[in-house]
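# Structural features, examined
Residue-level listing of the chains:
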Amino acid sequence: MLIGITGGIGSGKSVISNELRRMGYEVYDTDYEAKRIIVEDPSVRLQIESILGSDVYKDGIYQTSLVAQRAFTDKALLLQLNAIVHPAVKADILSRYSSNQSEITFIECAILYTAGLDQICDKVIAITAPEHIRLERTISRDNSTIEKVQARMRAQRVEEDLQRVDTIINNDGSVSIQELCREIINSL
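### Description of the overall build of the chain
Helix and strand content of the chain: nine helices and seven strands. Scaling as 2.2 N^0.38, a compact globule of 188 residues should have a C-alpha radius of gyration of about 16 Å, and the chain matches this with 17 Å. Principal-axis analysis of the C-alpha atoms gives the chain an extent of 50 × 45 × 30 Å. Counting only residues that meet the buried cut, the chain has 42% of its 188 residues in that class. Taking as baseline every contact in the chain between residues at least 6 positions apart, the subset at least 24 positions apart corresponds to 71%. In the structure as shown, the chain presents an accessible area of about 10200 Å², 50% of it carried by carbon and sulfur atoms. Counting 21 positive and 27 negative side-chain charges, the chain places the averaged centre of each group 3 Å from the other.

If you want it as structure tokens, here you go:
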């Protein structure tokens, strides 16, 4: 059983995912795994080099800031990059977990719907929190400015995605993370 966990920046997806791991559940972190795939998968690497140039892998090391600089200033390039990485992540998930449908595996992904990962999920859970709390958490966590965090928040489609999820979990700090995780497990 594949369960998507999504939500906007600062909502607490990673904190909840870490607690679910502590409880013994498998959690696939799409950010972490995408970075691994980008470096380790020769086909993905070749495709990325074809659209961004061979200098994005300097001495075998993926140049994240260079890629971000190029892709986030050119929407068409970002779409091409996503068209390479998202299917590779989806294939990785399916190769790891599709044969064991009796086990619960969570997929943590801020852009679950954009990446098309909702299509392989049996259920999608959104983690939410009021904007001011998300803003405070992100500024504190990333040591960033309010302007940069607000720009990242505007770029996400949180409200649109909330209309599509199966369950919404409010992580406003009024309930412990352990209790929220129990609520998630009970909703399955």
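Now, onward.
### A few points about the pairing of strand E5 (residues 105-108)
Judged by which residues are buried, E5 turns out to be covered on both faces: Thr 105 and Ile 107 on one side and Phe 106 and Glu 108 on the other are all buried. Bridge count for strand E1 (residues 2-6) against E5 is four bridges, and the pairing is parallel. By the bridge assignment for E5, Leu 2 is matched with Thr 105. By the bridge criterion, four bridges tie strand E2 (residues 26-29) to E5 in an arrangement that is parallel. Looking at E5, one finds that Val 27 is bridged to Phe 106.

### Quick look at the packing of helix H2 (residues 30-40) against helix H3 (residues 42-52)
Their axes nearest at 6 Å, the elements H2 and H3 cross at an angle of 80 degrees. Taken together, the axis directions place H2 and H3 in an arrangement best described as roughly perpendicular. Of H3, the residues touching H2 (which contributes Ile 37, Ile 38, Val 39 and Glu 40) are Pro 42, Val 44, Arg 45 and Ile 48. Split by residue class, the contact of H2 with H3 holds six nonpolar, no polar and two charged.

### What to know about unusual backbone geometry
Its identity as a non-glycine residue notwithstanding, Asp 59 has a phi of 55 degrees, on the positive side. Here Asp 59 falls in the exposed class, since its relative accessible area comes to 72%. The residue Asn 143 is not glycine, and still its phi comes out positive at about 50 degrees. Tracing the sequence through the fold places Asn 143 in the loop between helix H6 (131-142) and helix H7 (146-155). On the basis of relative accessible area, Asn 143 is assigned to the exposed category, the value being 72%.

### So, the sheet that holds E1
Within a beta sheet, neighbouring strands are joined by backbone hydrogen bonds and run either parallel or antiparallel to one another. Strand order in the open sheet made by the five strands is E2-E5-E1-E6-E7, with parallel pairing throughout. Each having just a single partner strand, E2 and strand E7 (167-170) make up the two edges of the open sheet. Within this sheet the neighbouring strands show an average axis-to-axis angle of 25 degrees, counted without direction. Where strand E6 (residues 123-128) meets E7, four bridges bridge the pair, whose relative direction is parallel. Bridge pairing links Thr 128 to Asn 170 in E7. Packing against the sheet, H2 makes contact with E2 and E5, and its axis sits at approximately 55 degrees to E2. The strands touched by helix H9 (residues 177-186) within the sheet are E5, E6 and E7, with E7 carrying the most contacts at an inclination of about 170 degrees.

Criteria and cut-off values
- Residues numbered from 1 in each chain as written.
- Predicted model: local features only at pLDDT ≥ 70, side-chain atom pairs only at ≥ 80, totals over all residues.
- Heavy atoms only, no water.
- Helix = DSSP H or I, 4+ residues; strand = E, 2+ residues; numbered from the N terminus.
- Rg over C-alpha atoms; globule rule 2.2 N^0.38 Å.
- Buried < 20%, exposed > 50% of the residue type's maximum accessible area, 1.4 Å probe, protein only.
- Contact = heavy atoms within 4.5 Å.
- Areas by Shrake-Rupley, 256 points an atom, 1.4 Å probe, with all protein chains shown as cover.
- Lys, Arg positive; Asp, Glu negative; His and termini not counted.
- Charge placed at Lys NZ, Arg CZ, Asp CG, Glu CD.
- Pairing = 2+ DSSP bridges.
- Axes fitted to C-alpha atoms, helices over the stretch in contact; angles between N-to-C directions.
- Parallel < 35°, antiparallel > 145°, perpendicular 65-115°, else oblique.
- Nonpolar A, V, L, I, M, F, W, Y, C, P; charged D, E, K, R; others polar.

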